[in-house]
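# Breakdown of the fold
So the chains spell out like this:
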Amino acid sequence: MTIDEYTNKLWPIRDRIFRLARRLLVNEEDAQDIVQDTYLKLWSAKTRLDEVSNMEAMAMTVTRNLCLDRLKSHNHKYTVYENSFPDSTSTTTTADNQIHLKDLQKNLSHLISQLPEQQRTVMHLRDVEGMEFDQISYISGQSINAIRANLSRARKKVRETLEKIYEHEQALY
Amino acid sequence: MNKPYTKEYILELLDKYNEAETSLQEEHILQEYFLSGSVDKDLLPYKSIFTFLKNEQKITAPEVKKEGMVTVTSKPKNRVRRLIIISSSIAASLLLGIGLTIKLIDYQERQEREALAAQLKQKEMMASFGAFAEAISLVATNLDKGLQPMNSVNALNIIEKDTTNQLESQEEENPNALITALELLAKYLPAEQNDNDTTNNSSNN
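Summarised in this report is the structure supplied together with it.

One finds A:Leu10, A:Tyr39, A:Val158, B:Leu14, B:Leu30, B:Phe34 and B:Phe50 to be the most contacted residues of the largest nonpolar core, which totals 65 residues. In terms of residue count, helix α5 (residues 55–72) of chain A provides more of this core than any other element does, seven residues in total. Those residues in contact with B:Leu30 that sit more than four places away from it in its chain are B:Ile10, B:Leu13, B:Leu14, B:Tyr17 and B:Phe50.

Below, the discussion takes up the packing of aromatic side chains. Under the defined criterion, the tally for this structure stands at eight aromatic pairs over all chains. Ring geometry for B:Tyr33 and B:Phe34: centres 5.2 Å apart, planes at 90°, overall edge-to-face. Of the two residues examined, B:Tyr33 and B:Phe34, each falls in the buried class. Aromatic ring contacts, followed pair by pair, group B:Tyr17, B:Tyr33, B:Phe34, B:Tyr46 and B:Phe50 into a single cluster. Residue placement shows A:Lys46 over the ring face of A:Trp43; its charged tip is 4.4 Å from the ring centre. Here A:Arg126 stacks its cationic end above the ring of A:Phe133, 4.2 Å away from the centre of that ring.

Residues and elements named next belong to chain A. By the burial criterion, the buried members of helix α8 (residues 133–140) are Phe-133, Gln-135, Ile-136, Ile-139 and Ser-140. Down the axis of α8, the buried side of the element spans an arc of 155°, and every buried residue falls inside it. On the buried face of α8, the contacting elements are α5, α7 (117–128) and α9 (144–172). Downstream of α8 by a residue or two, Gly-141 has a phi angle that is positive, lying close to 75°.

With that settled, the discussion passes to the interface of chain A and chain B. Taken together, the 47 residues of chain A in the interface contact 37 residues of chain B. Between chain A and chain B, the buried area comes to about 3,900 Å², and carbon and sulfur atoms account for 62% of it. Per-residue buried area on chain A facing chain B is highest for A:Trp11, A:Gln36 and A:Arg155; these three make up 14% of the total on that side. Here chain A and chain B share five salt bridges between them. As a salt-bridge pair, B:Glu27 and A:Arg155 come within 3.1 Å of each other at their nearest N and O atoms. Here the side of chain A that touches chain B gets 11 residues from one element, more than from any other, and that element is α9(A). Tallied by class, the residues present in the side of chain A that touches chain B amount to 21 nonpolar, 11 polar and 15 charged.

The rules behind these values
Residues numbered from 1 in each chain as written. Chains lettered and ligands numbered in written order. Predicted model: local features only at pLDDT ≥ 70, side-chain atom pairs only at ≥ 80, totals over all residues. Heavy atoms only, no water. Core = buried A, V, L, I, M, F, W, Y, C linked by side-chain atoms within 4.5 Å. Buried < 20%, exposed > 50% of the residue type's maximum accessible area, 1.4 Å probe, protein only. Helix = DSSP H or I, 4+ residues; strand = E, 2+ residues; numbered from the N terminus. Contact = heavy atoms within 4.5 Å. Phe/Tyr/Trp six-rings, centres within 6.5 Å; stacked < 30°, edge-to-face > 60°. Lys NZ or Arg CZ within 6 Å of the ring centre and 35° of its normal. Arc of directions from axis to C-beta. Buried area = accessible area lost by both parts, 1.4 Å probe. Salt bridge = Lys/Arg side-chain N within 4 Å of Asp/Glu carboxyl O. Nonpolar A, V, L, I, M, F, W, Y, C, P; charged D, E, K, R; others polar.

Structure follows, in structure tokens:
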């Protein structure tokens, strides 16, 4: 694999790699490190990459494994990325509602980061990256049935928690 | 334009969604629906979820890392280094070649100069030898000239000896021998001398 092939195939997916690392490590700086480490690891194995049919799935697998290694190490710091949320795209909400939504976004992020790693990975790959189940299976090493179960649990957990927040807020006003 | 989905259809999709049984296309329909505008109050939690997920999709890797990646996987840097090495080797060999050529030309010139100098020296030597020979020949000529009177002196000595012997022998035999001897001497004397004597005598007179 030449440098051009490597760049053309792998450079466009750097945002995906970063988002997965960020979701798993919940730390912006560590996620940036993981992106670099992923590209280094892929470059060092470039001779074997020619045999890989799905380069993107391979890169995401490497990213996940590196993240899990990092989580196991004692150096990992847990910091919540508070400033990294874009504002709501909705234009119909009032100023008060926007603040309310922003808080909800923070809560949602925190909520997802509390999910077990497998549920978190599956939900991220499906709902954020829009991947098919076979791809998620390749990356996470889970069977498609296990993926469905984990995804269902994650979605239900998030929805139930949000419903509670909404009920609590409605009770206040 | 949003497709006019009924709430029933959306609720049906949401049930499938919670069981992780929706297709990617159906999930896209849900996302479009919840992001397109206001929804019923009971569906607000879903609006928050799909808004959150949409925002997550917009997150990009920091751009500074791109430069970092380029330097990490830097083959161009190696290429530049190789180019520098090649160009400097070419420059070095060129310099070496030029240096050697200059040295060779210099050596040849020096050889030619030395040969010319040797030739000149030889000519000079020949010339000086010629001058020396000329000088010697001049000296020899002058010496010959100088020796000529000496010959005369030698001749006089011989004559003197001869005459003395003759006189001695004749004196015993002939008392007029002295006169004879003087006449004999007068014969040997060069004519010039006689001339000079005559001129001197005449001037004295």
